[in-house]
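Working through the structure, step by step
Chain by chain, the residues run as shown.
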Amino acid sequence: QFSFDSQGWGSAIANKLARKCDVVNRGLSGYNSRWAKIVLPRIMGSVDGQSVAAVTIFFGANDSALQDRNPQQHIPLQEYTANLRSMVQQLGSLGIPKDKVILIAPPPLDEPTWEKECQLKGTSLNRLNAVTGQYAQACVQAGAECGTEVLDLWTLMQENGQDFTSYLSDGLHLSERGSEFVAQHLWGLLEKCVAPLPFILPYWGDVDPLSPKTSLLAD
């Protein structure tokens, strides 16, 4: 949901695709994969799959909440994997093939910073980075089973032992730097999906000033 905030990764992708296609944000703050699977048909409506260039599915940070401390958002690991597969299948039934679907695994969790956020709300730490990693691996597994691309943020953000904390604003959610990281790596996967898209309407310098309709209304 917050990907279209100022400097968000969704905004960055939309900017790259200006005059090629519309980027539609259907992120739902706080949702898990169980709820997403239920509302996906409503979100997609009667969309024509042929008109879709790509779809990203980004869940896991809420699913991986600890059951004993956050039962409302927690989803068991096996169900999480099944939910991802189900959503890919639902998209396929709408004519959106698996090679147009990108699964995004959750980023790592900065436990000390997120614990402070939890304490401010009167609760104890309700997530663990190691558990988030299990869900990230399950997302990678689901992608392999479904034949989709996967952006594994949990692994990439910790690659070579790098400090990932600056990628997160509060230990859980992406910071501006984290959004930049997501946009950069996601674009590498999206580019092949959107490369064939034509430029919408001609470049202004190519419009005939004496007969603009000829230029602007040409097929």
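Data block above holds the structure.
I will try to describe carefully the structure that is included in this document. Keep in mind it's a predicted model, so treat the numbers as computed, not measured.

Okay, the pattern of salt bridges next. Under the counting rule described, the total for this entry stands at three salt bridges. The salt bridge partner of Lys192 is Glu149, with a shortest N-O separation of 2.5 Å. With Lys192 in helix H7 (residues 176-194) and Glu149 in strand E3 (residues 149-152), the pair connects residues that are 43 residues apart, well separated along the chain. In this structure Glu149 comes out as partly exposed when scored by relative accessible area, which is 28%.

For the rest of this paragraph, the subject is the sheet that holds E3. If you walk across this open sheet you meet the three strands as E1-E2-E3, and the pairing is parallel. Two strands close off the open sheet at either side, each with one partner strand: strand E1 (55-58) and E3. Taken pair by pair, the neighbouring strands of this sheet meet at an average axis angle of 20 degrees, ignoring direction. Here strand E2 (residues 101-105) runs beside E3; their pairing, made up of four bridges, is parallel. Paired with Ala105 across the strands is Asp152, a residue of E3. With respect to the sheet, H7 is in contact with E1, E2 and E3, its orientation differing from that of E3 by roughly 170 degrees.

Below, the discussion takes up the side chain of Asn32. Mapped onto the secondary structure, Asn32 falls in the loop between helix H1 (9-16) and helix H2 (33-44). Residue classification places Asn32 among the buried positions, given a relative accessible area of 0%. Engagement of the side chain of Asn32 in a polar contact is seen with the backbone nitrogen of Arg34, the distance being 3.2 Å. Not counting the four nearest positions on each side in its chain, Asn32 is found in contact with Phe59, Asp63, Gln72, Gln73 and Ile75.

Turning next to helix H5 (residues 129-146). Taking 1.5 Å as the rise per residue, H5 with 18 residues should run 26 Å; its terminal C-alpha atoms sit 26 Å apart, in good agreement. The set of residues buried in H5 consists of Asn129, Val131, Thr132, Gly133, Tyr135, Ala136, Ala138, Cys139, Ala142, Gly143 and Cys146. Those residues of H5 hidden inside the fold are in contact with helix H3 (77-93), E2, helix H4 (111-120), E3 and helix H6 (153-156). Phi for Gly147, located one or two positions after H5, is positive at around 85 degrees.

Attention shifts here to the packing of H2 against H3. Contact geometry for H2 and H3: axes closest at 9 Å, N-to-C directions at 10 degrees. Between H2 and H3, the interaxial angle falls into the category roughly parallel. In contact with Ser33, Arg34, Ala36, Lys37, Leu40, Pro41 and Met44 of H2, H3 contributes Glu79, Tyr80, Asn83, Ser86, Met87, Gln90 and Leu91. Partitioned by chemical class, the residues of the contact of H2 with H3 number seven nonpolar, four polar and three charged.

Before going further, it helps to spend a moment on the pairing of E2. In terms of burial, E2 is largely enclosed, as five of its five residues are buried. The alternating pattern of E2 places Val101, Leu103 and Ala105 on one face and Ile102 and Ile104 on the opposite face, and all of these are buried. Relative to E2, E1 runs parallel, the two being bridged by four bridges. Bridge pairing in E2 places Phe58 opposite Ile104. Assessed by its sense of winding, the connection that carries the chain from E1 through H3 to E2 is right-handed.

Before going further, it helps to spend a moment on the nonpolar core. Ranked by internal contacts, the top residues of the largest apolar core, which has 25 residues, are Ile57, Tyr80 and Leu91. Of all the secondary-structure elements, those providing two or more residues to this core are H2, E1, H3, E2 and H5. When residues no more than four places from it in sequence are discounted, the contact partners of Tyr80 are Ser33, Phe59, Gly60, Asp63, Ile75, Pro106, Tyr135, Ala138 and Cys139. Of all hydrophobic cores here, the second largest spans 21 residues; its members include Ile104, Trp187, Leu189 and Val194.

Okay, unusual backbone geometry next. Backbone geometry follows two general trends: most residues other than glycine have a negative phi, and most peptide bonds adopt the trans configuration. The phi torsion at Arg19 lies on the positive side, around 65 degrees, for a residue other than glycine. Along the chain, Arg19 turns up in the loop between H1 and H2. Of note in the backbone geometry, Leu201 takes a positive phi value of approximately 65 degrees without being a glycine. One can find Leu201 in the loop between H7 and helix H8 (212-216). According to the relative accessible area criterion, Leu201 is exposed, its value standing at 52%.

Parameters at a glance
Note that residues are indexed from 1 along each chain, following the sequence as it is written. Local features are withheld for residues below a pLDDT of 70 in this predicted model, meaning they are given only at 70 or higher, and side-chain atom pairs are given and counted only at 80 or more; totals for whole chains, interfaces and linings count all residues. Side-chain metrics rest on all non-hydrogen atoms present in the structure, leaving aside hydrogens and water. Criterion for a salt bridge: a side-chain nitrogen of Lys or Arg within 4 Å of a carboxyl oxygen of Asp or Glu. In this text, helices come from DSSP runs of H or I with a minimum length of four residues, and strands from runs of E with a minimum of two, each type numbered from the N-terminal end. Burial here depends on accessible area, computed with a 1.4 Å probe over protein chains only, as a share of the maximum for the residue type. Under 20% is buried, over 50% is exposed, and the range in between is partly exposed. Two strands qualify as a pair provided that DSSP identifies no fewer than 2 bridges between them. Axes, fitted as lines to C-alpha atoms, cover a helix only where it is in contact. Angles between the N-to-C directions of the axes lie from 0 to 180 degrees. Contacts are assigned to residue pairs with any non-hydrogen atoms lying within 4.5 Å of each other. Residues adjacent in sequence count toward polar contacts only when both atoms are side-chain atoms; beyond that, a polar contact is any pair of N or O atoms within 3.5 Å, and within protein one must be able to donate a hydrogen and the other to accept it. Helix span is expected to be 1.5 Å times the residue number reduced by one. Note that the term roughly parallel is reserved for angles under 35 degrees, roughly antiparallel for angles over 145, roughly perpendicular for angles of 65 to 115, and oblique for everything else. In this count, Pro and Cys sit with the nonpolar residues alongside Ala, Val, Leu, Ile, Met, Phe, Trp and Tyr, while Asp, Glu, Lys and Arg are called charged and the others, Gly among them, polar. Crossover handedness is defined here as right-handed if the route from the first strand over the helix to the second strand goes clockwise, with the strands pointing away from the viewer. Each nonpolar core is a collection of buried residues, namely Ala, Val, Leu, Ile, Met, Phe, Trp, Tyr and Cys, held together in the definition by side-chain atoms within 4.5 Å.

Take it as geometry only, folks, not as evidence of what the structure does.
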